[in-house]
Amino acid sequence: MSLLELDDVKVHFPVKRGILFDRTVGHVYAVDGVSLSVTAGQTYGLVGESGCGKTTLGRAVLRLTDITSGSVVFDGTDLAQLPEEEMRRARRRLQMVFQDPLGSLNPRQNIESILAEGMAAHGIGADRAERRERIKEILTKVGLPHSALSRYPHEFSGGQRQRIGIARALVLQPDVIICDEPVSALDVSIQAQVINLLEELQESEGLTYLVIAHDLAVVRHISDVIGVMYLGSLVEEAPSDALYAEPRHPYTRALMSAVPVPDPEVEDRRERILLRGDLPSPASPPAGCRFHTRCPWRQPTRCDTERPALADIGGGHRVACHWAAEIADGSLRPTSELAPPVLVDTGTDGEPGTDPGAGEDTDPGTERKETAAGTPA
Amino acid sequence: MSPQPPLLSVEDLTVTFTGRGRTDVRAVSGVSFDVAQGQVTGLVGESGCGKSVTSLALMGLLPKKGVTVGGHAYFDGTDLLGLGREQLRDLRGSKLAMIFQDPLSSLNPVIPIGLQVTEILTRHRGLRGDAARKEAALLLERVGIPDPTRRLKEYPHQLSGGMRQRALIAMAVACAPRLLIADEPTTALDVTIQAQILELLKELVDQQGTALLMITHDMGVVAGLCDRVNVLYAGKVVEAAERKPLFAAPTHPYAHGLLGSIPRLDAPRGEPLNPIRGSIQDTIAWSEGCAFAPRCDFYSERCLSGTPELTEPHTAGHRVRCVHPVAPPSKEGADR
Ligand SMILES: Nc1ncnc2c1ncn2[C@@H]1O[C@H](COP(=O)(O)OP(=O)(O)OP(=O)(O)O)[C@@H](O)[C@H]1O
Ligand SMILES: Nc1ncnc2c1ncn2[C@@H]1O[C@H](COP(=O)(O)OP(=O)(O)O)[C@@H](O)[C@H]1O
Ligand code: SF4
Ligand code: SF4
Ligand SMILES: [Mg+2]
Ligand SMILES: [Mg+2]
C-alpha cells in the first residue's frame, strides 16, 4: 500500500534581480516534475548528485518549501492543498532527520528540552513527567544513556548527535521519516551504527522511510526501491536489486560505475564510464533530455529536443531514456567506447556555450562536432 | 618491494599542539612510512586520526607557534623537517606539491586562475608573458578543463568544484613535481566528478612518474588507486601493507572492523553491517597501551601493557600494530 504519493511535483525558485530585488529574471528548476510512491513500511531511497534537488524535494513533501505545482498525497490527503494549521498537525506524522546533526540542534537547549519541545507542541504526553518517561524510552531505543537528558548537543559525538536527531523525530510517533543524508557527515564506522539503528527502528516501530543520499552504496543497502535523480527529475526507478543488476539509464550506469568499491579485485576489473564535464545549472537546464550534454549514448535525434518520460518497462522498473531498449539490447553503443582518458581528452575545440560546466544550453548546431563522450575512440 | 630507495621516508613523526592553559594534543604520535618513487601510497583513516596534520607537517605548513614537530622526513635525502622557510618554499611547487580537499581555500579568490598559474610558471620555471600564458592554457587543457583560454581569465568562484580541483592539480603539476601530496582531493566532489579526478591522478603517476601520497578516508578510493596503504588510528600507523593483501586479510582489528562496516554497492541487499562500537572519542593514550582497546573485540589485559609494536605476524611486508592480530581468512592462506 502506498502511504506517500507524489504526482508531478515541481519546485521552482524565482531568481530575482534589480535594485529592488523584485524583478524575476528566471527560475531555478530545483524539482521539475517528480512522481513517485512510497510503500508503507518500506524504504524509498532517492539518490543523485549535489544540487539535483533531493533536499528540496524532501522539504517540499513537508511543505518546508513551497510547492510550485503537483500533489503530495499522504494517507489519502493532499498535503499541497492543506491549510497551514492542518499542515502543522500533519507534520507530527511526517518527520525529518537532517544531515548536519549539530546544525539542526539548538546548542543552548539540553537534550530533554530539545526532545520535549515537539511533544508539547503536538500535545503528546499529559505533563512533563509523562513526557520524560517517553523520552527515556526513546533514548534507550536509539542507544543513548538516560544521563543524556541533561546534557547539551556539543557534549556528544557526531554519531550520538545523529541519534538525538532520530530520537527527536521518534518521540512524535511519526509514520514517515524523511532522512536527508542521515549518515554522510559521519565516519564509516559510525555510519554503520546509524544505518543499523535506522533498520532496527523501521522493524520495531513500523516506520516508512524516504532516505535522501548521494552515496549509492548506502542507499542500495537500506532501500527497497531506489529513485535516481538528475537535474530535478527522476531518470530511473527500480527495486534496489534490479537497479544494481540492470541499470538502464545511461546516467545510472555512469553513477554506478563511478562508485568506488573497497575491493581491489573488483576495482581492477571494473569498467568506468567517465562522464564529461559537470552538472549543468538547474537555472538553465538543457533542452530535451537533461542528461544529453553528458550522455555517452546520446543520439543525433530526439535526445536534445524531446524530453523523455519516465516509462514503465515492467517489474517495477521505470526509465526516462528514448533509447533505453536499444542500449539494453546492445544495438546502441556509447558514442565513444568508454570515455577516453582524461589527460589526453582534449575533446572539444572549446566553443563557448558548449561547455556543460558553464550551465548554458548546448547550441544544437555544434552537436555533430562535439560528441558527448569526447574524442571518438 | 621496489628496488629503489624510497622517495620520501617519514620516520617517527610526532606533532603536538600546545595551547595556553589547554592540555597538549598529540595529533600525530610517531608515524613512520615510506613513499616509493612513482607509486601511489595511501594514508587512510577516519576524521581526526592525524592525516591532515601529517601532510601539513611534511609540507612545512603548520603554524610555528604552539606546535611541536618531532622526527624526520627524508625527501630525496634531505630532511624536510630540518629545512628553513626559504628552502622549503623553493621545494614546494617545484619538487614537492600539495592539493587540498577544499580547492577554493587554496586559490586566491580575487586573482584570475590564469594569473595564479602563470605566477607559478614564472617563479619556478622562469616563463613570462605569452610563453607563460600558452603553457598555462596547455596545463589546464591537460587536466581536462575545456576551453582553457577562456577559463584562464575567470576567477575561482566562476568554476565548479570539480574544475577548481583540476585547476589546482594543474598548478601542482606545473613543475612536474617528484611528489604530490593529495589530502582528500575528491571528498568534496560528486562521485562522477571524483571518478574524473582519480583518473587524472592515475594518469599523472603513470605518465610523469610522479609519486603520489594519497590521503583519504575512503577505502574504496584506496582499493582502486593505491599501491601501498598505511592505516592510521589515533595518530599512529596501525597497519601497513600492499593493497591486495590488506583488503584480502585486514589484520588489525580496527582495519578489519572498518572494512566490515562499509556498505558495498556490490553486496546483496540486506546483508547486515558490522559496525565498530563506540567512537573515536573512546580512545586511550598510546603510552597507556593500545589506543583502540576501548572499542576492540579482541581486547585482553595484554593490550594495556605498553604501546603495541608494529610486527609482521602473517606475511613479510604486512605490518600490524596489535598483540592479537586477526587470523587471515583460511582459504586465502598466509602466502598471499
Ligand atoms: N531557496 C532557494 N532559492 C533558490 N535556489 C535554491 C533554493 N534552495 C535550493 N536551491 C537550488 O535548487 C537546486 C537543488 O537544491 P537541493 O538542495 O535540493 O539539492 P540536493 O540534491 O539536496 O543537493 P546536495 O546533495 O548538495 O544536498 C540547487 O541548484 C540549489 O542551489
Ligand atoms: N590547530 C590545531 N590545534 C589543536 N589541535 C588540532 C589542530 N589541528 C588539528 N588538531 C587535532 O589533531 C588531530 C588530527 O587532526 P587532522 O590531522 O586534521 O585529522 P584528519 O585525519 O581528519 O585529517 C585531531 O584530534 C584534531 O582535533
Ligand atoms: S535520451 Fe538520449 S541523451 Fe538522454 S539518456 Fe537516453 S540516450 Fe542519453
Ligand atoms: S592490541 Fe589489543 S586492543 Fe589493540 S587492536 Fe590489538 S587486540 Fe585490540
Ligand atoms: Mg541536500
Ligand atoms: Mg583532514
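Nothing here was measured: the structure is a model prediction, and the numbers come from that model.

Looking at the nonpolar core
Membership of the largest hydrophobic core comes to 66 residues, with the highest contact counts inside it found for Ile99, Ile169, Leu180, Leu201, Leu212, Met214 and Tyr254 of chain B. The two domains that each donate at least three residues to this core are domain 1 (8-95 + 177-320) and domain 2 (96-176) of chain B. Not counting residues within four places of it along the chain, the set of residues in contact with Ile169 of chain B comprises Ile99, Val143, Ile197, Leu200, Leu201 and Leu204 of chain B. By size, the runner-up hydrophobic cluster in this structure holds 40 residues, among which are Ile138, Val142, Leu172 and Val194 of chain A.

Comments concerning the environment of Asp8 of chain A
All names here are of chain A. Within the fold, Asp8 resides in strand β1 (residues 2-17). Residue classification places Asp8 among the partly exposed positions, given a relative accessible area of 36%. For the pair Asp8 and Ser71, spaced 63 residues apart in sequence, the C-alpha separation works out to 6.9 Å. Apart from residues lying up to four places away in sequence, Asp8 is in contact with Gly33, Val34, Ser35, Ser69 and Gly70.

Digging into the UniProt feature "domain: ABC transporter" (unreviewed entry) in chain B
Following the UniProt record, the feature "domain: ABC transporter" (unreviewed entry) maps to residues 8-259 of chain B here. The distance separating the terminal C-alpha atoms of residues 8-259 of chain B is 28 Å; by composition the span is 40% helix and 26% strand.

Comments concerning the domain arrangement of chain B
All names here are of chain B. Per the domain assignment, the segments of chain B are domain 1 (8-95 + 177-320) and domain 2 (96-176). Placing the centre of domain 1 and that of domain 2 at their C-alpha centroids yields a distance of 28 Å. Contact with domain 1, which involves 32 residues of that partner, is made by 18 residues of domain 2. Buried surface at the junction of domain 1 and domain 2, both sides included, amounts to about 2200 Å², of which 67% is carbon and sulfur. Three residues stand out in domain 1 for area buried against domain 2, namely Gly93, Pro177 and Leu200, and they jointly supply 22% of the buried area on that side. For the side of domain 1 that touches domain 2, the elements supplying multiple residues, two or more each, are α1 (51-59), α2 (85-91), β7 (179-183) and α8 (191-208). Here the side of domain 1 that touches domain 2 is built from residues that sort into 19 nonpolar, six polar and seven charged.

Things to note about the pattern of salt bridges
Evaluated as defined, the whole model comprises 36 salt bridges over all chains. With its nearest N and O atoms 3.8 Å apart, the salt bridge here joins Glu86 of chain B to Arg89 of chain B. One end of the pair is Glu86 of chain B and the other is Arg89 of chain B, both in helix α2 and three residues apart, which spans about a single turn. A relative accessible area of 51% means that Glu86 of chain B is categorised as exposed. A network of salt bridges, in which partner residues are shared, links Glu265 and Asp268 of chain A together with Arg243 and Lys244 of chain B.

Re the side chain of Asn230 of chain B
Residue and element names in this part refer to chain B. Topologically, Asn230 is positioned in strand β9 (residues 228-233). Taking the relative accessible area as the measure of exposure, Asn230 reaches 3% and is therefore buried. Setting aside its immediate chain neighbours within four residues, Asn230 contacts Phe33, Thr41, Gly42, Leu43, Val44, Val237, Glu239 and Ala240.

Remarks on the environment of Leu96 of chain B
Residue and element names in this part refer to chain B. In this fold, Leu96 is placed in strand β6 (residues 96-99). Separated by 46 residues in sequence, Leu96 and Arg142 place their C-alpha atoms 20 Å apart. When near neighbours in sequence (up to four residues on either side) are disregarded, Leu96 contacts Met59, Phe75, Leu80, Leu91, Pro177 and Leu179.

Conventions used here
- Each chain has its residues counted from 1, running along the sequence as written.
- All chains are assigned letters beginning at A, and all ligands numbers beginning at 1, according to the order in which they are written.
- This being a predicted model, a pLDDT of at least 70 is required before a residue's local features are given, and a value of 80 or more before pairs of side-chain atoms are given or counted; all residues contribute to the totals for chains, interfaces and linings.
- Excluded from the side-chain calculations are hydrogens and water; all other atoms, namely the structure's heavy atoms, are used.
- For this analysis, a nonpolar core means a set of buried residues of the types Ala, Val, Leu, Ile, Met, Phe, Trp, Tyr and Cys, connected via side-chain atoms within 4.5 Å.
- Whether a residue is buried, partly exposed or exposed follows from its accessible area with a 1.4 Å probe, protein chains only, as a fraction of its type maximum: under 20%, in between, or over 50%, in that order.
- Bear in mind that the domain bounds are from an automatic or database domain assignment.
- Residue contacts follow a heavy-atom distance rule, with two residues in contact if any of their heavy atoms lie within 4.5 Å.
- Secondary structure is summarised from DSSP: a helix means a run of H or I of at least four residues, a strand means a run of E of at least two, and numbering begins at the N terminus for each.
- UniProt positions are given in the numbering used here, feature names are shortened, and annotations may be inferred rather than shown by experiment.
- Put simply, buried area is how much 1.4 Å-probe accessible surface two parts lose in total, over both of them, once they are put together.
- Note on residue categories: nonpolar means Ala, Val, Leu, Ile, Met, Phe, Trp, Tyr, Cys or Pro, charged means Asp, Glu, Lys or Arg, and polar means any other residue, Gly included.
- Between Lys or Arg on one side and Asp or Glu on the other, a salt bridge is scored when a side-chain nitrogen of the former is within 4 Å of a carboxyl oxygen of the latter.

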